[in-house]
Amino acid sequence: MASEIQQWKRSSEPLTTRSQAVRRDIDKQFTSRESRLRKQAVYKKSVASPTSTAECVKAELPSSLPSSSQSSQSTSSPAHDQTISPKDTQTTLPAKQYPTLLTIPAASLTGAMTELLAASADQTLLGSHYEDVRELLWGLKGTLNKTTGGKTTHRDACSLIEMISCPNDKVKAILRAQVADQLVHRGCETRETEVCEAMGAVLAELMTLDRAFVPIIVGALYRSCPLLIPEVPSQTEETDREFEERTNKYRMSVLLYCSMCRGSADGTKPCDLRWIWYLLESINRIASKQVFLEYPGFMEPLLSCAGSELKQVYPESFGKQLSLMKSEILPRLERINGKTTGQIARLDRVLRELSA
């Protein structure tokens, strides 16, 4: 009915105006179709195909920190195109053992994750597999509820991988997405550091046992916190309580991320300490150019969790980052009572402890 009314309205307009309206409609339909085809291509390339997923993890990394002109990165295009490894690393590795951050753009990973999560309840898409997927998801929910990490990390990861074993690659990708989403959700929504770190350890084990989990888990983490991309969140009107809840989720997201990457500096796992270094250096590069309220609440848990290891492995480069934070970034942070004052004070304390 709406389309008929629209056509009637156009019929009373001059011919040139009607022609312009028709062209706009055609252009809009074409753009929508192109967007849909691009999403399908991203899904097939980055998630649905196990072969292409494995190729997303590069074998070689640069061994030194690029110059500022080479390493500058726009927040509007936050693809992790390389892992930055400080010059003074104490661990010298064969190049082919280096892990890497993904080259797939962050928007593609988060978009693919959104589609995979929606696909688990799409009967039209799953067709004859629908009932089997629903049954698998029900059993998977019970296994995820029993996942605790800690001393049982390896056993938990093996149980989850066994639960999602099936001959259909697309169904398996959907199940991987459910596992990653639930573990990331548990880690980000908790207020208990131990629970968050345990979920991070399980995520790391899943990526080690099944490399196809790497882009899916990274996509799930990007969905939880844009600063992990790294990309400054868009500023919106919110109450102090809403700001506190959001930044607490970011805090747990970075703890989850660091817990996933800690304990490996030898390049034998898909993610290691250099992923944390990349995040630290990238966030500081952004913060040196623009001040944003989320900085202290994000950087304090990163340094509390991984600062000591970064200092030990990259003493000279890490010292330069601390100096940058203390002398340039920290003095410019906006101190707002009840919102950022406490976060800035905690960050200042951690910086002094790591500088000692």
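Check the entry above for the structure.
Keep in mind the model is a prediction, meaning the values are calculated, not measured. (Residues numbered from 1 in each chain as written. Predicted model: local features only at pLDDT ≥ 70, side-chain atom pairs only at ≥ 80, totals over all residues. Heavy atoms only, no water.)

(A) Quick peek at the overall build of the protein chain. When helices and strands are tallied, the protein chain shows 16 helices and zero strands. Across the 356 residues of the protein chain, 48% fall into the buried class. Sequence-distant contacts, at least 24 apart, represent 72% of the contacts inside the protein chain between residues at least 6 apart. (Helix = DSSP H or I, 4+ residues; strand = E, 2+ residues; numbered from the N terminus. Buried < 20%, exposed > 50% of the residue type's maximum accessible area, 1.4 Å probe, protein only. Contact = heavy atoms within 4.5 Å.)

(B) How the structure looks around the pattern of salt bridges. Counted under the stated rule, the structure contains 11 salt bridges. Between D240 and K339 there is a salt bridge; the shortest N-O distance is 3.7 Å. Taken together, the positions of D240 in helix α12 (residues 240–261) and K339 in the loop between α15 (315–329) and α16 (341–355) put the pair 99 residues apart, joining distant regions of the chain. Where E245 meets R241, a salt bridge forms, and the shortest distance between an N and an O atom there is 3.3 Å. Of this pair, E245 and R241 both sit in helix α12, four residues apart, which is roughly one turn of that helix. Salt bridges sharing partners connect three or more residues here, namely E238, R246 and E294. (Salt bridge = Lys/Arg side-chain N within 4 Å of Asp/Glu carboxyl O.)

(C) Summary view of the nonpolar core. By size, the foremost hydrophobic cluster in this structure holds 93 residues, and its most contacted members are L206, Y257, M260, Y295, L302 and L303. Those residues in contact with L206 that sit more than four places away from it in its chain are A157, L160, I161, V179, L183, F213 and I217. (Core = buried A, V, L, I, M, F, W, Y, C linked by side-chain atoms within 4.5 Å.)

(D) Representation of the side chain of Q321. You can see Q321 is positioned in helix α15. The buried category is assigned to Q321, whose relative accessible area is 12%. At 2.8 Å, the side chain of Q321 forms a polar contact with the side chain of N284. Setting aside residues no more than four positions away along its own chain, Q321 makes contact with W277, L280, E281 and N284. (Polar contact = N/O pair within 3.5 Å; in protein donor to acceptor, adjacent residues only side chain to side chain.)

(E) Summary view of the packing of aromatic side chains. All chains considered together, the criterion is met by two aromatic pairs. Where W277 meets Y314, the ring centres are 5.4 Å apart and the plane angle is 70°; that geometry is what we call edge-to-face. Here Y314 lies in the loop between α14 (295–313) and α15 and W277 lies in helix α13 (residues 273–287), a separation of 37 residues in the sequence. Judged by its relative accessible area of 2%, Y314 is buried. In this arrangement the basic side chain of R176 is found over the ring face of F213, its NZ or CZ atom lying 6.0 Å from the centre. Sitting over the face of the ring of F243, K339 holds its NZ or CZ atom 5.0 Å from the ring centroid. (Phe/Tyr/Trp six-rings, centres within 6.5 Å; stacked < 30°, edge-to-face > 60°. Lys NZ or Arg CZ within 6 Å of the ring centre and 35° of its normal.)

(F) Region of interest: the packing of helix α11 (residues 213–224) against α12. For the pair α11 and α12, the least separation of the axes is 9 Å and the interaxial angle reads 155°. Between α11 and α12, the angle is such that the two are roughly antiparallel. As α11 packs across α12, the resulting crossing turns out to be left-handed. Facing I217, L221 and S224 of α11, the residues of α12 in contact are K249, Y250, S253, L256, Y257 and M260. Looking at the contact of α11 with α12, its residues break down into six nonpolar, two polar and one charged. (Axes fitted to C-alpha atoms, helices over the stretch in contact; angles between N-to-C directions. Parallel < 35°, antiparallel > 145°, perpendicular 65-115°, else oblique. Left-handed = near helix turned anticlockwise from the far one by under 90°. Nonpolar A, V, L, I, M, F, W, Y, C, P; charged D, E, K, R; others polar.)

(G) Representation of the state of the cysteines within the structure. The final tally for this structure, using the stated rule, is zero disulfides. Take C225: it sits in no disulfide, and the sulfur closest to it among the cysteines is that of C188, at 7.9 Å. (Disulfide = S-S within 2.5 Å.)

(H) Inspection of α16 at higher detail. In a regular helix each residue adds 1.5 Å, so 15 residues correspond to 21 Å; α16 covers 21 Å between its end C-alpha atoms and thus fits that length. At its buried positions, α16 is contacted by α12, α14 and α15. (Expected span 1.5 Å × (residues − 1).)

(I) Structural detail: unusual backbone geometry. Here I229 and P230 are connected by a cis peptide whose omega angle stands at 0°. Residue placement: P230 occurs in the loop between α11 and α12.

(J) Representation of the packing of helix α7 (residues 130–145) against helix α9 (residues 169–189) within the structure. Axis separation between α7 and α9 bottoms out at 11 Å; the angle between their running directions is 30°. By the criterion of interaxial angle, the relationship of α7 to α9 is roughly parallel. When the axes of α7 and α9 are compared, the crossing they make is right-handed. Note on element contacts: α9 touches α7 through V171, L175, Q178, V179, Q182, L183 and R186, opposite V133, L136, L137, L140, L144 and N145. Across the contact of α7 with α9, the residue classes break down as nine nonpolar, three polar and one charged.

(K) The environment of L126, seen in detail. In this structure, L126 sits in helix α6 (residues 123–126). Residue class for L126 comes out buried when judged on its relative accessible area of 8%. Each residue touching L126, except ones within four places of it in the same chain, is listed here: A119, S120, V133 and I174.

(L) Quick peek at the environment of E245. Since its relative accessible area comes to 41%, E245 is described here as partly exposed. In this structure, the C-alpha to C-alpha distance between E245 and E189, residues 56 residues apart in sequence, is 9.6 Å.

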